[in-house]
Amino acid sequence: MSMVLRKFFQALIRRKPIEEDADQKTRLVRCLNTFDLTALGIGSTLGLGVYVLAGHVAYKQAGPSVILSFVIAAIASVFAGLCYAEFGARVPKAGSAYVYSYTTVGEFMAFIIGWNLILEYVIGTASVARGYSGYVDTLIDDRIANYFNSTMPLDIPGASTFFDMFAFGLTVLVAVILAFGVKESTGFTAVFTVVNLYAVFYCIIAGSFRADFDNWFIPKEKVPPGFGNGGFFPYGFKGMMSGAATCFYGFVGFDAIASTGEESKNPQKSIPMSISISLLFILMAYLGVAGVSTLMAPYWTQGSNAPLTDIFSSGPSFWIGSKYIITFGAITSLTTALLGSLFPLPRVLFAMSSDGLLPPCFKSTVGAKKTPVFSTLFSGIFSGIMAALFSTDELTDMMSIGTLLAYTLVAISVLILRYREDPDDSKVINYEHDQMEDQIYDYSEHEIIVPILEEQNFLQLAFNTKGNQIATESTARTSNILIGIIVLLCLAIDGCLALFLDELLRRDTLIISIISVLIFFLVFLIILLYRQPMAKTKLSFKVPWLPLLPIVSAIFNFYLMYNLSKRTWYRFLVWMTVGLSTYFLYSIWNSTGYSTTRDISNCPSESSDKGSGDSNETLPCDSKTGTIEVSP
């Protein structure tokens, strides 16, 4: 029985090694440069959010403070983007956060992240398609909704009132475009992204001439019933933070860049640079549009499907022409957002299928361009059905939770990797002896001699009393324990802030004391983690201010997750139930890690350590875990 449990838990934490030549081993064509990736990042992100989301959040959640909501969401996204950038430089493979977690945390967590990425991209694509349909419908006096309500009505609780064939057909069409080839589709995205940026900046510049700062400080008596208390925070601080959780949806999409690791010409440099540039442009666009729209008109007038167009249409006659410029920009923006949202989903399916966690049909490629056609078409049909069945609000309810979880795990994975012992560095010679007082360093050109360490207990390692400067197995284990406790403290602090915010604002002594104690221990543990030695791996990009920045990223993400609705969490639990059933009934038995990990309770001699077939290479034996690991 113990052997069965041992093998079971080993299966959950088996990891995929980071290959030195990962950028050379790929089944996809490397054809994307930095400009292509930047256009993809901007195009997939700067869509529904800039033309619709800003107005909706101002209308029902934050009012003029929607600007701060976007800033908070942007901070969380920037921190996550930096962590993604390091992984993009470290693991240039298709699959985004799925592959990143597979190489650090283990297979089970990788499957959870991959499963949530599927949810993120499906709902992201469906919500953009449904928003696209609603935007076009507004321009033609609701003819789409009226027609399908009469011809394809739905009477399903929690679903849309009609089957939106327009959204379904649009999604499938985009999937067909992607199936023609990645280079052609990204070229299409680049052209439309440039047009979109012109429209956005025109909106900001033209709208600034009609800015009225009185719209940020409207007295309560002038606010219609049901729209808060007026002023800059009409719905209070809670409304602004709830708006930040919704605004986070507007920054989802830049991680599409990270999924192109096997199709980038120079992923180690292109991925970090394109993520940074795209996030900068996206933040400027959101702040500009949110600021201008709330200055041009009162926040309670921005609840339509096309709020920005309505604002410019309501001005003087010479402003009417702006409506068409904005409409054209919105159409191009939503088109590129739809394409960018659908783009990474087939790559995640491809990566998970290649590892045996999903059926092999998802990893099939067709033609000289090696496009994953089946995964692409499946993604389009699945997302199209979701877009046809559910409204935009119902779809966006589920959008952020999977993304925030993926971003959080990426941040934690950065910490784990940076403090891990680097066994792949052939220049490091690790000497450990039970009794040795002096530490010897020889930083010659050819080798690094790790300090000869005496055996140390956990407290000595945690405080690093011996001044260890080279990461070893013992220091890595200590760092992982500290990271785990830090994560729990972040969850506790964010829970207190989210659940007892009113008491905190009333200066409740007990709540303030509890949070203060938790923050004290958090800072103390961060200092201890800072003292731990890091791996010496050289990368083209590394997250700055480690370990602080990934921890701050996790704090932001956890807090935004606490602000999501109960209905979102219930739906998420249903999705995860389906995912866990898939993993334990299929994935764990068909994983390439399962087929290449053999139990060897006692490591055999070299004569019996042979691989299958004609290979004469000796398989590496781990005497501690009793397994032989063979890289897939």
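Residues numbered from 1 in each chain as written. Predicted model: local features only at pLDDT ≥ 70, side-chain atom pairs only at ≥ 80, totals over all residues. Heavy atoms only, no water.

**So, the overall build of the chain**
And then number 1: Counting its secondary structure elements, the chain contains 24 helices and six strands.
And then number 2: For the chain, with 632 residues in total, the buried portion stands at 53%.
And then number 3: As displayed, the chain offers around 27400 Å² of accessible surface, 65% of which is attributable to carbon and sulfur atoms. (Helix = DSSP H or I, 4+ residues; strand = E, 2+ residues; numbered from the N terminus. Buried < 20%, exposed > 50% of the residue type's maximum accessible area, 1.4 Å probe, protein only. Areas by Shrake-Rupley, 256 points an atom, 1.4 Å probe, with all protein chains shown as cover.)

**Thoughts on the pattern of salt bridges**
And then number 1: In this structure the tally under the stated criterion is five salt bridges.
And then number 2: Asp164 serves as the salt-bridge partner of Arg130, at 3.5 Å between the closest nitrogen and oxygen. Within this pair, whereas Arg130 is found in helix α6 (residues 107-139), its partner Asp164 is found in the loop between α7 (143-151) and α8 (165-179), the two being separated by 34 residues in sequence.
And then number 3: The exposure class of Asp164 is buried, given its relative accessible area of 1%.
And then number 4: Between Glu473 and Arg477 there is a salt bridge, and its shortest N-O distance comes to 3.3 Å. Residue Glu473 and its partner Arg477 are located together in helix α19 (residues 473-499), separated by four residues, close to a single helical turn.
And then number 5: Using a relative accessible area of 35% as the deciding quantity, one classes Glu473 as partly exposed.
And then number 6: Owing to a relative accessible area of 44%, Arg477 belongs among the partly exposed residues under this scheme. (Salt bridge = Lys/Arg side-chain N within 4 Å of Asp/Glu carboxyl O.)

**Concerning a nonpolar patch on the surface**
And then number 1: A surface patch of nonpolar side chains, amounting to about 820 Å² of accessible area, comprises Phe458, Leu459, Phe463, Ile481, Ile485, Val517, Phe520, Phe521 and Phe524.
And then number 2: When contributions to the nonpolar patch are tallied by element, the ones reaching two or more residues are α18 (458-463), α19 and α21 (509-530).
And then number 3: You can see Phe463 is positioned in helix α18. (Patch = residues over 30% accessible without salt bridge, like charges linked within 9 Å, V, L, I, M, F, W, Y side chains within 5 Å.)

**Section: α21**
Every α-helix carries 3.6 residues per turn, so stepping three or four residues along brings you back to the same face.
And then number 1: Spanning 22 residues, α21 covers 31 Å between terminal C-alpha atoms, matching the ideal 32 Å at 1.5 Å per step.
And then number 2: Listing the buried residues of α21 in full gives Ile511, Ile515, Leu518, Leu522, Leu525, Ile526, Leu528 and Leu529. Buried residues of α21, viewed axially, fall in a sector of 160 degrees; they line one side. In this structure, α21 carries Thr509, Phe520 and Tyr530 as exposed residues pointing more than 90 degrees from its buried face.
And then number 3: Each element contacted by the buried residues of α21 is listed here: α18, α19, α20 (501-505) and α22 (548-562). (Expected span 1.5 Å × (residues − 1). Arc of directions from axis to C-beta. Contact = heavy atoms within 4.5 Å.)

**Some points on the side chain of Thr38**
And then number 1: Structurally, the position occupied by Thr38 is in helix α2 (residues 34-45).
And then number 2: With relative accessibility at 11%, the residue Thr38 sits in the buried group.
And then number 3: When near neighbours in sequence (up to four residues on either side) are disregarded, Thr38 contacts Ser274, Ile277 and Ser278.

**Focus on the packing of aromatic side chains**
And then number 1: With the rule as written, the count across this model stands at 29 aromatic pairs.
And then number 2: When the ring of Phe374 is compared with that of Phe378, the centres are 6.5 Å apart and the planes differ by 15 degrees; the resulting orientation is stacked. In this pair, Phe374 and Phe378 are both assigned in helix α15 (residues 373-389), four residues apart and thus about one turn of the helix distant.
And then number 3: Each residue in the set Phe108, Phe111, Trp115, Trp575, Tyr583 and Phe584 is aromatic and connected to the rest through ring pairs, giving one cluster.
And then number 4: Stacked on the ring of Phe162, the Lys or Arg Arg130 has its end atom at 4.9 Å from the ring centre. (Phe/Tyr/Trp six-rings, centres within 6.5 Å; stacked < 30°, edge-to-face > 60°. Lys NZ or Arg CZ within 6 Å of the ring centre and 35° of its normal.)

**Remarks on empty space enclosed by the protein**
And then number 1: One pass over the full model with this rule turns up four cavities of 30 Å³ or more.
And then number 2: As a volume, the largest cavity reaches approximately 150 Å³.
And then number 3: Ser44, Val128, Val252, Ser341 and Met399 are, among the 21 residues lining the largest cavity, the residues nearest its centre.
And then number 4: Listed by contribution, the elements that provide at least two residues to the lining of the largest cavity are α2, α3 (48-62), α6 and α13 (320-342).
And then number 5: For the lining of the largest cavity, the leading source of residues is α6, giving four residues. (1 Å grid on protein atoms, 1.4 Å probe; cavity = no way out; pocket = protein on both sides within 12 Å on 5 of 7 lines; lining within 4 Å. Points joined across faces, edges and corners; volume = space filled by probe spheres on them.)

**Here's the deal with the nonpolar core**
And then number 1: Core analysis: the largest hydrophobic core is formed by 166 residues, its most contacted members being Leu46, Tyr51, Tyr84, Tyr98 and Ile118.
And then number 2: Considering each element in turn, this core owes the most residues, 17 residues, to α6.
And then number 3: Ignoring sequence-local partners within four residues, the contact set of Tyr51 consists of Tyr135, Asn196, Ala199, Val200, Pro307, Leu308, Ile326, Gly329, Ala330 and Ser333. (Core = buried A, V, L, I, M, F, W, Y, C linked by side-chain atoms within 4.5 Å.)

**Considering unusual backbone geometry**
And then number 1: Residues Leu546 and Pro547 are joined by a peptide bond in cis, for which omega reads 5 degrees.
And then number 2: Take Pro547: it is sitting in the loop between α21 and α22.
And then number 3: The phi dihedral of Asp142 is positive, around 60 degrees, even though this residue is not glycine.
And then number 4: With respect to the secondary-structure elements, Asp142 resides in the loop between α6 and α7.

Geometric descriptors of this kind do not, in isolation, establish any biological role.
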